[in-house]
Amino acid sequence: MTVKSTTRARKKAAPAVPDNLRTGAGAPAELVQLLTPEGERVEHPEFPLVTTPEELRALYRDLVLVRRFDAEATSLQRQGELGLWASLLGQEAAQVGSGRAMRPGDYAFPTYREHGVAWCRDVDPLNLLGMFRGVNHGGWDPNEKNFHLYTIVIGSQTLHATGYAMGITKDGADDAVIAYFGDGASSQGDVNEAFTFASVYNAPVVFFCQNNQWAISEPTTTQTKIPLYRRASGFGFPGVRVDGNDVLACLAVTRWALDHARSGNGPVLIEAFTYRMGAHTTSDDPTRYRLTEETEAWKAKDPILRLKAHLDKEGLADEAFFAEVEAQSEQLGLRVREGVRTMPDPDPTLIFDHVYAEPHTLVDEERAEYEAYAASFEGGENL
Amino acid sequence: MTVKSTTRARKKAAPAVPDNLRTGAGAPAELVQLLTPEGERVEHPEFPLVTTPEELRALYRDLVLVRRFDAEATSLQRQGELGLWASLLGQEAAQVGSGRAMRPGDYAFPTYREHGVAWCRDVDPLNLLGMFRGVNHGGWDPNEKNFHLYTIVIGSQTLHATGYAMGITKDGADDAVIAYFGDGASSQGDVNEAFTFASVYNAPVVFFCQNNQWAISEPTTTQTKIPLYRRASGFGFPGVRVDGNDVLACLAVTRWALDHARSGNGPVLIEAFTYRMGAHTTSDDPTRYRLTEETEAWKAKDPILRLKAHLDKEGLADEAFFAEVEAQSEQLGLRVREGVRTMPDPDPTLIFDHVYAEPHTLVDEERAEYEAYAASFEGGENL
Amino acid sequence: MAGQLNIAKALNEALRKSLENDPKTVLMGEDIGKLGGVFRITDGLQKDFGEDRVIDTPLAESGIVGTAIGLALRGYRPVVEIQFDGFVYPAFDQIVTQLAKMHARALGHVKMPVTVRIPYGGGIGAVEHHSESHEAYFAHTAGLRVVSPSNANDAHWMLRQAIESDDPVIFLEPKRRYWDKGEVEDAPSLPLHAARIVRPGTDATLIAYGPMVKVCQEAAAAAEEDGRRLEIVDLRSISPIDFATVEESVKRTGRAIVVHEAPVFMGLGAELAARLTESCFYHLEAPVLRVGGYHAPYPPSRVEETYLPDLDRVLDAVDRALAF
Amino acid sequence: MAGQLNIAKALNEALRKSLENDPKTVLMGEDIGKLGGVFRITDGLQKDFGEDRVIDTPLAESGIVGTAIGLALRGYRPVVEIQFDGFVYPAFDQIVTQLAKMHARALGHVKMPVTVRIPYGGGIGAVEHHSESHEAYFAHTAGLRVVSPSNANDAHWMLRQAIESDDPVIFLEPKRRYWDKGEVEDAPSLPLHAARIVRPGTDATLIAYGPMVKVCQEAAAAAEEDGRRLEIVDLRSISPIDFATVEESVKRTGRAIVVHEAPVFMGLGAELAARLTESCFYHLEAPVLRVGGYHAPYPPSRVEETYLPDLDRVLDAVDRALAF
Ligand SMILES: Cc1ncc(C[n+]2csc(CCOP(=O)(O)OP(=O)(O)O)c2C)c(N)n1
Ligand SMILES: Cc1ncc(C[n+]2csc(CCOP(=O)(O)OP(=O)(O)O)c2C)c(N)n1
Ligand SMILES: [Mg+2]
Ligand SMILES: [Mg+2]
């Protein structure tokens with residue numbers, strides 16, 4: 001056969017738009033799931049996963065703490081302590097599942113929403129908030145945590161991830177990289193160039209697309225007519241769609257994909273099918289473009305409730321455990337609130353500090369001019 | 001099933017690189033062919049084609065004249081009459097087949113090598129040569145010929161083609177567009193963005209990729225691990241690989257694709273599997289990077305010889321016809337040679353002529369300054 | 001039309017009129033449909049003109065500008081919205097090598113009536129990439145026209161003029177001024193590329209455009225209390241620059257200070273200084289001074305006040321100019 | 001090393017030494033492997049250092065620069081070749097929003113030792129997009145360093161210094177001079193960002209870089225026959241500019257003419273004129289004049305001689321400067 005199998009069908013009828021792309025309710029087809037929304041553990045022949053009760057409880061703790069951190073940040077923004085916040089509400093499982101699949105030597109390249117992954121990489125939540133408070137553009141050392149800075153220019157980090165993965169291959173190391181991006185980002189040239197580079201160099205990179213159904217106000221249908229995981233096949237590497245609200249499935253699929261990549265088999269695309277429960281950011285007003293019913297329907301698939309149901313059902317955690325998590329959650333909230341409120345403003349000369357790694361005459365000159373100017377105010381009040 | 005069918009196989013073994021991507025000899029698999037290299041007419045169930053002897057002879061004439069024009073340009077470059085020439089040698093069938101598939105209202109967006117398509121769109125060959133002589137950047141009115149200017153920045157015209165096609169839809173017209181690009185171009189972000197836009201807007205555009213096996217010195221394997229026509233499936237539209245040295249197959253497949261597109265079924269990707277017989281351009285030296293044997297092997301698939309063999313075999317053309325074509329070819333060569341040699345240099349003030357469509361103070365000023373400066377030379381010798 | 005509108009609304013009305021007046025006008029961009037754009041500049045337009053004319057695009061700026069070029073070739077008049085200044089760069093190739101050059105390359109056979117709207121500049125406490133002033137890149141690019149209004153009336157009429165232009169126009173919207181109100185008149189009083197003397201003066205000329213005009217007005221008001229009369233020229237057009245108006249002013253005052261948010265090094269102030277020094281050499285009593293951003297990435301918002309020119313920095317430059 | 005080499009070969013040797021000296025140095029680009037690049041600057045390097053260090057990339061400039069950034073994050077020192085000036089724009093976003101800002105964004109935690117080599121400028125009779133001078137875009141971008149050699153010795157040593165730099169460097173190679181020969185010394189005599197007085201003089205200072213240095217030398221030689229002694233400063237570094245050297249010269253001569261191929265409007269000459277007028281106000285006997293390209297797309301090659309500054313246009317400017 002010459003023509004892709006779909007061609008003939010299309011020749012006769014108009015191209016079919018898969019109906020599982022936008023789902024107000026009901027699980028879409030072709031979705032790896034290990035835990036039903038009701039908390040039932042199911043098996044998937046291709047993604048076996050063995051977990052201990054400790055591991056399940058640890059995942060639960062992650063999910064709860066990450067959500068708490070996120071809620072705290074949202075309210076700090078409302079109180080004027082942050083300039084902006086991009087909430088991960090609803091996407092905790094996709095982030096914790098994939099984040100916990102990483103080995104210590106693996107490296108993650110996030111967008112601006114991967115607070116859950118940052119958590120798994122042990123980045124101090126207060127460091128994340130610095131950027132949203134306007135104190136810096138990224139306050140942590142990426143190489144210390146193997147977690148790159150947040151990237152706002154949509155899609156550009158996928159190329160950095162691919163280059164980093166090419167470096168791993170050159171080093172002969174068996175680390176792997178995850179590049180996070182969104183459904184909207186899939187349209188950017190950079191993301192597709194990353195697919196090409198990763199494929200031809202067989203780079204150990206996993207492309208992890210959180211399809212949260214929305215790119216600000218645009219539904220996924222504005223970006224693609226077919227499920228996003230299928231994009232990979234056009235570039236010659238495997239794509240998998242996983243239930244992004246199922247932390248176990250995300251863990252299992254990402255672990256598989258990282259191992260696939262680190263073993264020299266090249267990249268994998270994972271589409272984590274999930275939902276952005278909140279606004280795009282605190283500046284956004286989703287009532288202008290989407291129906292409450294849609295959001296309501298997704299509540300039934302909540303990633304935390306479903307793991308809780310599983311723990312309850314199987315008797316894997318007792319009240320003491322839940323109380324302890326609750327206490328940790330309170331403690332985290334407190335630390336975040338206080339930490340943000342007492343976060344010092346940077347010195348204005350931060351502007352000149354890291355423009356270049358090596359001395360630069362123009363920057364030195366402008367810094368000196370600024371300092372003289374600031375000093376010219378009585379008491380140097382502007383400094 | 002969750003995972004693309006290829007996934008499991010890959011999980012076990014390293015990803016298979018299809019061996020039909022680079023073929024020194026032997027027809028690659030999955031290739032639409034209607035005329036064998038030996039000139040045998042074969043049928044393809046999905047792409048029936050009925051032709052009259054007149055049509056076949058007209059195609060032959062096109063192929064011969066286009067090749068002659070190209071050869072003439074190459075030798076004009078050697079004689080110093082052109083600054084550069086990008087030869088289409090070997091790709092005549094892909095260009096004439098697709099070019100003749102267009103209806104008058106259809107529109108083509110070429111790269112810099114589509115002299116055969118230009119021929120089909122009735123663009124004066126001398127107009128094409130102006131650009132390579134350095135007389136202009138494109139000498140024809142695109143809207144008169146429905147043939148856009150040559151585009152050198154790789155891939156960017158695919159977006160123009162897509163936008164133009166979106167306009168056709170808005171107009172409610174049933175025209176269609178062809179966007180030409182190369183195997184190398186498939187890696188550019190723009191080309192992949194064009195795939196996305198065309199797909200989501202269901203734009204009537206046919207992406208015609210001439211995979212001539214090389215992007216200057218880089219073999220197609222530098223751009224992709226799998227056949228290029230498969231890229232389309234990742235964007236949700238059909239891809240077809242056609243024998244690019246078979247003018248009948250190119251005609252049939254392109255005609256189908258244009259009709260598919262104009263009927264509201266959205267885009268199609270055609271990969272015309274062909275070979276760049278010459279250097280990339282007259283500045284290039286292919287002996288540095290490819291083997292003569294490879295080029296030799298492709299000679300056996302020559303697009304003109306194969307149609308000639310068919311005409312001979314079936315007795316569809318007599319000696320008078322071939323003599324007439326030969327005479328036309330001579331005449332064309334003569335016209336091109338003389339036309340180029342007598343092509344006047346532009347006035348230097350061309351620099352200022354079309355920077356803007358509406359008046360512009362800075363350009364006017366600079367033009368006046370230049371004119372005064374030029375006039376300051378004795379006898380205005382610089383003008 | 002007439003009445004007090006803020007800049008955002010004045011732009012929205014300009015788009016509405018343009019859509020009404022010419023069926024070939026189409027709007028394209030990310031989130032411009034139901035959401036009305038992140039700044040609501042296209043609010044209500046998709047509802048009234050349909051998805052066919054107010055088009056939510058995939059998230060790909062090169063794709064947006066590239067397809068807009070194609071639509072222009074088909075006879076449309078696309079008005080593109082780039083969501084924020086920092087996100088125009090993926091489209092830079094299409095803008096610089098294609099949009100800007102198409103008319104010249106085609107020896108005038110095709111026109112490129114494409115308007116690229118970009119909310120630009122800082123001062124709104126935003127995160128990285130949301131506060132940049134990149135007019136220098138566009139101004140240096142032949143084939144583009146570049147303009148930036150400073151008030152509601154100009155916002156309205158300049159946008160309509162930009163859309164009507166048969167050349168590509170980069171239309172830079174001073175986002176921190178979106179909510180500033182002003183009277184919008186019934187007809188434009190100036191052509192698109194004319195500068196305007198906003199305030200007459202005798203001691204020095206402040207030259208600004210977009211968001212910095214207001215800062216200059218504040219500075220001039222403060223200077224007046226010290227008995228200094230500063231003239232202000234609102235350039236309005238960044239490319240081409242209405243040098244005639246600027247030169248006439250500088251020849252009268254003998255001193256000029258250019259103010260912009262963009263970095264000083266290689267910024268618009270350099271061109272103005274170079275040109276004015278050449279044309280007003282014997283009139284200048286001081287070098288043309290420049291007040292602008294530093295040679296550094298736009299900083300985190302908690303220090304942006306230091307980065308952005310303000311009243312004090314403008315007056316400091318005035319002092320220095322007068323001290324020559 | 002020492003000996004007469006043309007610029008192309010001096011660059012090739014610089015890449016070879018850099019590959020030898022640091023195993024983390026890798027070269028990336030289109031056709032740089034077997035072909036050795038369209039200008040043969042990487043000739044023989046893949047053969048000697050392997051495909052792992054001299055990497056033929058897919059045809060995607062954003063991809064090349066973006067993956068180079070990733071390699072730098074992993075500890076590599078990538079040297080990227082952009083095939084021609086006109087093809088850097090697809091990578092503009094990666095260069096401007098990522099490469100230039102990464103070090104600052106990370107508060108210094110990561111370094112970006114990436115060199116982007118670009119053959120630039122006109123005068124070789126090429127087709128569209130192959131003759132452009134876009135240094136102004138890069139110079140205006142904080143976080144980038146921008147340099148351009150004018151001779152074989154500088155080509156060699158400046159490239160090695162650029163590769164050793166921990167900051168991103170845009171390395172602009174004057175393609176029309178690739179075949180000009182010169183002595184390459186055993187060690188560099190200047191730091192990367194220092195300008196050099198190429199020829200001492202007293203009547204006016206010609207300021208140039210890259211391909212225009214030679215034109216200025218021809219002009220100065222011709223002027224000498226008329227008894228005019230022109231000083232020439234070869235900037236070498238476009239960002240930062242070694243203003244100390246330039247200012248010292250201009251204060252001595254009292255007149256300056258900046259010469260570059262790029263369009264005058266918003267070009268480097270504007271910055272030099274603005275800055276020099278400010279710092280040398282009482283020394284200047286004439287405004288700083290600019291000779292450069294017009295505000296127009298680079299024209300078809302049959303008229304490029306008109307577009308490009310030549311000896312006559314430089315001397316015309318000298319006449320005008322001296323007439324003030
Ligand atoms: C190049 C670029 N264009 C536009 C934007 C503005 N923008 C920020 S987030 C966003 C939507 C992203 O959607 P998606 O990729 O699905 O990620 P999500 O926000 O849903 O996690 C847009 C358009 C940007 N940051 N970068
Ligand atoms: C954006 C861009 N990058 C690089 C080039 C230089 N270049 C010209 S042709 C070419 C190879 C193109 O290969 P392909 O797309 O296969 O087309 P072909 O020349 O084989 O027809 C390259 C790299 C260019 N013109 N544009
Ligand atoms: Mg999304
Ligand atoms: Mg090719």
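Residues numbered from 1 in each chain as written. Chains lettered and ligands numbered in written order. Predicted model: local features only at pLDDT ≥ 70, side-chain atom pairs only at ≥ 80, totals over all residues. Heavy atoms only, no water.

## Thoughts on the overall build of chain C
What chain C contains, in helices and strands, is 12 helices and 14 strands. Taken over C-alpha atoms, the radius of gyration comes to 19 Å for chain C, in line with the 20 Å a tight globule of 324 residues would show. Considering only C-alpha atoms, chain C reaches an extent of 60 × 40 × 40 Å along its principal axes. Looking at chain C as a whole, 75% of its 324 residues qualify as buried. Counting contacts in chain C only where the partners sit at least 6 residues apart, residues at least 24 apart contribute 81% of the total. Carbon and sulfur atoms make up 47% of the accessible area of chain C, which totals about 8,300 Å². In chain C, 34 positive and 46 negative side-chain charges are present, and the distance between their average locations comes to 3 Å. (Helix = DSSP H or I, 4+ residues; strand = E, 2+ residues; numbered from the N terminus. Rg over C-alpha atoms; globule rule 2.2 N^0.38 Å. Buried < 20%, exposed > 50% of the residue type's maximum accessible area, 1.4 Å probe, protein only. Contact = heavy atoms within 4.5 Å. Areas by Shrake-Rupley, 256 points an atom, 1.4 Å probe, with all protein chains shown as cover. Lys, Arg positive; Asp, Glu negative; His and termini not counted. Charge placed at Lys NZ, Arg CZ, Asp CG, Glu CD.)

## Thoughts on the environment of A:Leu350
Tracing the backbone shows A:Leu350 in helix 13 (residues 350-353). Look at A:Leu350 and you get buried, because its relative accessible area is 17%. Put simply, A:Leu350 and A:Arg61 are 289 residues apart on the chain and 37 Å apart in space, counted from C-alpha to C-alpha. The contact partners of A:Leu350, leaving out residues within four places of it in the chain, are A:Val135, C:Pro300 and D:Leu107.

## Concerning the coordination of the magnesium ion (ligand 3)
All names here are of chain A. Donor atoms from the polypeptide that coordinate the magnesium ion (ligand 3) comprise Asp 183 (OD), Asn 212 (OD1) and Trp 214 (O), at 2.1 Å from the metal. Sequence positions of the donors to the magnesium ion (ligand 3) reduce to the motif D-x28-N-x1-W. Of this pair, Asp 183 sits in the loop between strand 2 (177-182) and helix 8 (189-200) while Asn 212 is found in the loop between strand 3 (205-211) and strand 4 (214-215), placing the two residues 29 residues apart along the sequence. (Donors = N, O, S within 2.8 Å, 3.2 Å for Na, K, Ca; no water.)

## Here's the deal with the nonpolar core
Counting 392 residues, the largest nonpolar core has A:Phe207, B:Phe207, C:Leu272 and D:Leu272 as its most contacted members. Dropping the residues within four chain positions of it, A:Phe207 is found in contact with A:Thr158, A:Thr162, A:Ala179, A:Phe181, A:Ala194, A:Phe195, A:Ala198, A:Phe237, A:Pro267, A:Val268, A:Leu269 and A:Ile270. (Core = buried A, V, L, I, M, F, W, Y, C linked by side-chain atoms within 4.5 Å.)

## Let's talk about the sheet that holds strand 3 of chain A
Residue and element names in this part refer to chain A. A sheet is described by the order of its strands in space; here 5 strands give the open sequence 1-2-3-7-6, paired in parallel fashion. One side of each edge strand has no neighbouring strand; the edge strands of this open sheet are strand 1 (107-109) and strand 6 (239-243). Taking each pair of neighbouring strands and ignoring which way they run, the sheet shows an average axis angle of 20°. For strand 6 and strand 7 (residues 268-273), the ladder comprises 5 bridges, and the chain directions are parallel. Across the sheet, residue Val 242 finds its bridge partner in strand 7, namely Ala 272. (Pairing = 2+ DSSP bridges. Axes fitted to C-alpha atoms, helices over the stretch in contact; angles between N-to-C directions.)

## Focus on the coordination of the magnesium ion (ligand 4)
Protein-derived ligands of the magnesium ion (ligand 4) are B:Asp183 (OD), B:Asn212 (OD1) and B:Trp214 (O), with the metal-ligand distances lying across 2.0 to 2.1 Å. On the accessibility criterion, B:Asn212 (5% relative accessible area) is buried.

## What to know about the site of ligand 2
Lining the immediate environment of ligand 2, one finds 20 residues, of which B:Tyr112, B:Arg113, B:Ile152, B:Asp183 and D:Glu61 sit closest. Chains contributing residues to the immediate surroundings of ligand 2 are chains B and D. B:Ile154 places a polar main-chain atom, nitrogen or oxygen, 3.2 Å from a nitrogen atom of ligand 2. A distance of 2.8 Å separates an oxygen atom of ligand 2 from a polar atom in the backbone of B:Trp214. Here ligand 2 loses 96% of its free accessible area of 590 Å² to cover by the protein chains. (Near = heavy atom within 4 Å. Polar contact = N/O pair within 3.5 Å; in protein donor to acceptor, adjacent residues only side chain to side chain.)

## Concerning the domain arrangement of chain A
Domain assignment breaks chain A into domain 1 (21-341) and domain 2 (348-382). Relative placement of domain 1 of chain A and domain 2 of chain A: their C-alpha centres are 40 Å apart. (Domains from an automatic or database assignment.)

## Describing the sheet that holds strand 13 (residues 256-263) of chain D
Residues and elements named next belong to chain D. Here 5 strands make up an open sheet; going across it, the order is 9-11-10-13-14 and the pairing mixed. Unpaired on one side and paired on the other, strand 9 (196-199) and strand 14 (289-293) mark the two borders of the sheet. Taking each pair of neighbouring strands and ignoring which way they run, the sheet shows an average axis angle of 25°. Pairing of strand 9 with strand 11 (residues 230-234), which is carried by 3 bridges, proceeds in the antiparallel orientation. Along strand 11, the bridge assignment pairs Arg 199 with Ile 232. Across the sheet, helix 10 (residues 268-279) is in contact with strand 10 (204-208), strand 13 and strand 14; its angle to strand 13 comes to roughly 155°. Along the sheet face, helix 12 (residues 311-323) touches strand 10, strand 11, strand 13 and strand 14 and points at about 160° away from the line of strand 14.

## Comments concerning the site of ligand 1
Within the structure, ligand 1 sits among 20 residues, and A:Tyr112, A:Arg113, A:Ile152, A:Asp183 and C:Glu61 are positioned closest to it. Isolated, ligand 1 exposes 580 Å² of accessible area, and the fraction of that covered by the protein chains is 95%. Its residues placed into classes, the shell around ligand 1 shows 10 nonpolar, 6 polar and 4 charged. (Nonpolar A, V, L, I, M, F, W, Y, C, P; charged D, E, K, R; others polar.)

## Side note on the interface of chain C and chain D
Contacts between the two partners involve 52 residues from chain C, matched on the other side by 52 residues from chain D. Across the chain C/chain D interface, buried area totals approximately 4,400 Å², and carbon plus sulfur atoms make up 66% of it. At the boundary of chain C and chain D, one finds 8 salt bridges. When the shortest N-O distance is used, the salt bridge between D:Arg105 and C:Glu128 registers 2.9 Å. Summed over the shared surface of chain C and chain D, the result is 16 residue pairs in polar contact (both at pLDDT 80 or more). Among the elements of the structure, helix 4 (92-99), helix 5 (102-105), helix 6 (135-139), strand 12 (237-239), strand 13 (256-263), helix 10 (268-279) and strand 14 (289-293) of chain C are those that each provide at least two residues to the side of chain C that touches chain D. Residues belonging to the side of chain C that touches chain D are distributed by class as follows: 30 nonpolar, 11 polar and 11 charged. (Buried area = accessible area lost by both parts, 1.4 Å probe. Salt bridge = Lys/Arg side-chain N within 4 Å of Asp/Glu carboxyl O.)

## Let's talk about the relation of the copies chain C and chain D
Of the transformation superimposing chain C on chain D, the axial component is 0.0 Å and the angular component is 180°, with the fit at an RMSD of 0.0 Å. In symmetry terms, the pair is related by a two-fold rotation axis. With an isologous cut-off of 70% or more, the 100% of interface residues of chain C that recur at the interface of chain D puts this contact in the isologous class. (Least-squares fit on C-alpha atoms with pLDDT ≥ 70 in both.)

## Quick look at the packing of helix 1 (residues 7-21) of chain D against helix 7 (residues 152-164) of chain D
Residue and element names in this part refer to chain D. The geometry of helix 1 relative to helix 7 is characterised by a closest axis approach of 8 Å and an angle of 30° between their N-to-C directions. Classified by the angle between their axes, helix 1 and helix 7 sit roughly parallel to one another. Where helix 1 crosses over helix 7, the handedness of that crossing is right-handed. Contacts between helix 1 and helix 7 involve Ile 7, Ala 10, Leu 11, Glu 13, Ala 14, Leu 15, Lys 17, Ser 18 and Asn 21 from the former and Ala 152, Ala 155, His 156, Leu 159, Arg 160 and Ile 163 from the latter. Along the lines of polarity and charge, the residues of the contact of helix 1 with helix 7 split into 9 nonpolar, 3 polar and 3 charged. (Parallel < 35°, antiparallel > 145°, perpendicular 65-115°, else oblique. Left-handed = near helix turned anticlockwise from the far one by under 90°.)

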